[in-house]
Amino acid sequence: MGTVRVEHAHPERFADPAHGFAWIRMIGALLVIYGHSSPLAGSGELFPPEWPLQPDEGVLMGFFAMSGFQIAESWIRDPHPVRFAAKRVLRLWPPMLTVTLGLALVVGPLVTTLPVGEYFAARDTWGYVVNNAGLLTLKHELPGVFTGNPWPGAVNGSLWTLPMELLAYGGLYVLLLAGAAKQRWRWLAVVALAALVVWDRYLEQDPGAESAGSMLSVPVESLVAFLVAFAFGVVLNLYRIPLSMTAAVAGLAVLAAMPNSISASFLMVFAASYAVVVAGHFWPARLTVPGLFVNGSYGVYVWGFPVQQLLAMAGIANQYLMLLCAAPIAYVLGTLSWVFVEEPTMRLRHYIAPESRSRPATDRDRFRDDDADRDDWDDDRAWDDDRDTDRDHEYDRDYEYDRDYEYDRGRDGDRSRGRADARTEAREADRADVRDADEWAEPARPRTAEPIADDRRAPVPADAAETERNFPPARRASRPEPAEVWPAEDPVEPAPRRGLSGDLGAAAGEPAAPAPPRRGRHAARRPDPPMAEEETRPLGRVSRSADHP
């Protein structure tokens, strides 16, 4: 799979795909309000029935296609079953429960035709809350609420697609657990799409709307049609099918030229789904706005229908006036839902299944943000962007810590190496000092002239005064007796010796001059004789070995 969905020649001209999807979802939610304005106001059909591309139906198909595309991407980025399920539950349920409780406990008592006590005592009032909490068992009526409107009884008709969304999540979850996100097993998604297409075409042949009946509160025929769009979005993502604006425009043009027929209905699913996904990737960068302005599309969708029912109850009978009044109110309620309901509840998923501190194994730059929780109505990427920014700061801090740790470790290593080098230099200096001391030491004398009493000591001078000075009585007692010296047949005259000042030493037969001071490791074994005032030490290496015998 590629890492980049669309290769733009001028990427600076296009917004992030997630931001483009947020815009499309907000526009779609407002179009749903526009589509509901005509029947809720009692003005008849909003769009001519002969159009092959009905805007409201095409918008819903696009919503499901975006949902399949983005939720598959979410699994690819973070293939953790528990976190994936927590994201889906926390994304779908809290806004729906909020609007359900608001209608049952706040709006219902205010507008019901029943007394408030009788309203709260009615079983249907609490059945509305319980059944809608189950999602698959939706209930649309509250006792005495909106009974006199052009569309009577329906408190919130927009909720009818949410059970289909939940079933789509469940089917995709099973496929992903079976390995459909992996390249080896992604053909499972194609098989599922083909099966849904065959089923949809079979149901399309039966006359009448929703002729296949319903499963709980979910109409089967509409469910299969929307699942085809959802599965197509999944296949678009898993197979990295190229996204071309030219192909999307051509598909919509062909669809618009076709008459309303079964073939056109079949083509509309794929043409609208592909066009919506392409539009998200080609959204102009100049239309980029703060995420707060477009993140409340889910709230706009679920609050739009009750607002329109209230306006119809207030007497608004014109569809355009209803749209003009309902759209701003629903937009404000949707934004408040995002700020106070959706964004806070999405934080809970980190407590349910905490994420690892390590980076995701998948590509981070596929949408230039990681770990996106994308769904059908709302771009919750604003929360993901904030969380990713915090995580990037954590990664940066970790990187800086690792870098500093490596630097400190390298510096400590340098220090260790420096200490080792210093010790090596000290040993070399000691050896050099010993060599220097040996160079200045007294040359060895013949054995006949100076017998050696102890091979570990300096030669013992033959002169008595010298012996007395070098070996005091305390040491003389322990000094071994000198070995017997055999006179040489031909005595060798010792070579003249140089003192510390460079002068020649004493002549043969004269008392020997004092030995020069010894340096290095032998300095403590023998006291240095007093140095004459006129003598000077030669310049040489300063040794530290004299302090260490």
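Residues numbered from 1 in each chain as written. Predicted model: local features only at pLDDT ≥ 70, side-chain atom pairs only at ≥ 80, totals over all residues. Heavy atoms only, no water.

### A few points about the overall build of the protein
A tally of helices and strands in the protein yields 16 helices and two strands. Per-residue burial over the protein gives 43% buried out of 549 residues. At a minimum sequence separation of 6, the contacts of the protein that also span at least 24 residues come to 75%. (Helix = DSSP H or I, 4+ residues; strand = E, 2+ residues; numbered from the N terminus. Buried < 20%, exposed > 50% of the residue type's maximum accessible area, 1.4 Å probe, protein only. Contact = heavy atoms within 4.5 Å.)

### Details of the nonpolar core
Leu135 and Phe230 are the most contacted members of the largest nonpolar core, which totals 94 residues. Looking at this core, the element that brings in the most residues is helix α8 (residues 220–238), giving 13 residues. With near-sequence residues (within four places) excluded, Leu135 lies in contact with Leu92, Trp93, Met96, Leu162, Pro163, Leu166 and Ser217. (Core = buried A, V, L, I, M, F, W, Y, C linked by side-chain atoms within 4.5 Å.)

### A closer look at the pattern of salt bridges
For the structure on display, the rule yields seven salt bridges. With a shortest N-O distance of 3.9 Å, Arg347 and Glu343 are connected by a salt bridge. Given a relative accessible area of 38%, Arg347 falls into the partly exposed group. (Salt bridge = Lys/Arg side-chain N within 4 Å of Asp/Glu carboxyl O.)

### Some thoughts on the confidence of the model for the protein
Parts of the prediction with low pLDDT should not have their coordinates interpreted in detail. Looking at the protein as a whole, the pLDDT averages 75, with 60% of positions reaching at least 70. Low pLDDT, under 50, characterises residues 483–492; the predicted model gives this stretch six contacts beyond four residues in sequence or across chains. (pLDDT = per-residue confidence, 0-100.)

### Considerations on the packing of helix α2 (residues 55–77) against helix α6 (residues 162–177)
For the pair α2 and α6, interaxial distance at closest approach is 11 Å and the crossing angle is 35 degrees. As α2 packs across α6, the resulting crossing turns out to be right-handed. Across the interface between the two elements, Phe64, Ser67, Ile71, Ala72 and Trp75 of α2 pack against Met164, Glu165, Tyr169, Leu172, Tyr173, Leu176 and Leu177 of α6. The residue inventory of the contact of α2 with α6, partitioned by class, reads 10 nonpolar, one polar and one charged. (Axes fitted to C-alpha atoms, helices over the stretch in contact; angles between N-to-C directions. Left-handed = near helix turned anticlockwise from the far one by under 90°. Nonpolar A, V, L, I, M, F, W, Y, C, P; charged D, E, K, R; others polar.)

### Re α2
Between its first and last C-alpha, α2 extends 33 Å over 23 residues, near the 33 Å set by a 1.5 Å rise per residue. With 20 of 23 residues buried, α2 is to be regarded as a mostly interior element. (Expected span 1.5 Å × (residues − 1).)

### Some remarks on the packing of aromatic side chains
Inspection of the entire model under this criterion finds 14 aromatic pairs. Summarising the aromatic geometry, the rings of Phe14 and Phe282 are spaced 5.6 Å apart at their centres and angled 85 degrees between planes, so their arrangement reads as edge-to-face. Within this pair, whereas Phe14 is found in the segment before α1 (17–41), its partner Phe282 is found in the loop between α10 (262–281) and α11 (297–313), the two being separated by 268 residues in sequence. Note on Phe14: relative accessible area 23%, which makes it partly exposed. With 5.3 Å between their ring centres and 85 degrees between their planes, Trp75 and Phe84 make a pair best called edge-to-face. Of the residues examined, Phe84 reaches a relative accessible area of 2% and is grouped as buried. Clustering of aromatic rings is evident, with ring pairs tying together Phe64, Trp160 and Phe226. Between Arg88 and the ring centre of Phe84, over which it is positioned, the NZ or CZ distance is 5.2 Å. In this structure, Arg88 is placed above the aromatic ring of Tyr169, and the distance from its NZ or CZ to the ring centre is 5.5 Å. (Phe/Tyr/Trp six-rings, centres within 6.5 Å; stacked < 30°, edge-to-face > 60°. Lys NZ or Arg CZ within 6 Å of the ring centre and 35° of its normal.)

### Considering the environment of Trp151
One can find Trp151 in the loop between α5 (123–134) and α6. The class of Trp151 is partly exposed, set by a relative accessible area of 35%. Spatially, the C-alpha atoms of Trp151 and Gly42 are 7.6 Å apart, while their sequence positions differ by 109 residues. Discounting residues that sit within four places of it in the chain, Trp151 has contacts with Pro39, Leu40, Phe146, Phe305 and Gln309.

### Regarding a nonpolar patch on the surface
Nonpolar side chains collect at one region of the surface, where Leu292, Phe293, Val332, Leu336, Val339 and Phe340 lie side by side and expose about 550 Å² of accessible area between them. By secondary structure assignment, the location of Val332 is in helix α12 (residues 319–346). (Patch = residues over 30% accessible without salt bridge, like charges linked within 9 Å, V, L, I, M, F, W, Y side chains within 5 Å. Areas by Shrake-Rupley, 256 points an atom, 1.4 Å probe, with all protein chains shown as cover.)

### Regarding unusual backbone geometry
In this structure, Phe146 is a non-glycine residue whose phi angle is positive, near 60 degrees. On the secondary structure map, Phe146 appears in the loop between α5 and α6. Overall, Phe146 belongs to the buried group, its relative accessible area being 2%. The phi angle at Leu216 is positive, at roughly 60 degrees, despite the residue not being glycine. Along the chain, Leu216 falls in the loop between β1 (214–215) and β2 (218–219). Judged by relative accessible area, which is 62%, Leu216 ranks as exposed.

### With respect to the environment of Leu60
By secondary structure assignment, the location of Leu60 is in helix α2. Exposure remark for Leu60: the relative accessible area of 12% places this residue in the buried category. C-alpha separation for the pair Leu60 and Ser273, spaced 213 residues apart in sequence, amounts to 9.3 Å.

### Considering the side chain of Ser273
Residue placement: Ser273 occurs in helix α10. Within the structure, the side chain of Ser273 is placed 2.5 Å from the backbone oxygen of Val269, a separation counted as a polar contact. Excluding anything up to four places from it in sequence, Ser273 contacts Met61, Ala65, Ala229, Phe232 and Met268. (Polar contact = N/O pair within 3.5 Å; in protein donor to acceptor, adjacent residues only side chain to side chain.)

### Considerations on the side chain of Thr335
Along the polypeptide, Thr335 turns up in helix α12. Overall, the relative accessible area of 15% leaves Thr335 in the buried class. Once residues lying within four places of it in the same chain are set aside, the contact partners of Thr335 are Leu292 and Gly296.

### Digging into α1
Here α1 is 25 residues long and its end C-alpha atoms lie 36 Å apart, about the 36 Å a rise of 1.5 Å per residue gives. Of all the 25 residues making up α1, 20 are buried; the element is thus mostly covered by neighbouring parts of the structure. Measuring from the backbone nitrogen of Ala18 back to the side-chain oxygen at the start of α1 gives 2.9 Å, which picks out Asp16 as the cap. One or two steps after α1, the chain reaches Gly42, where phi turns positive at roughly 80 degrees.

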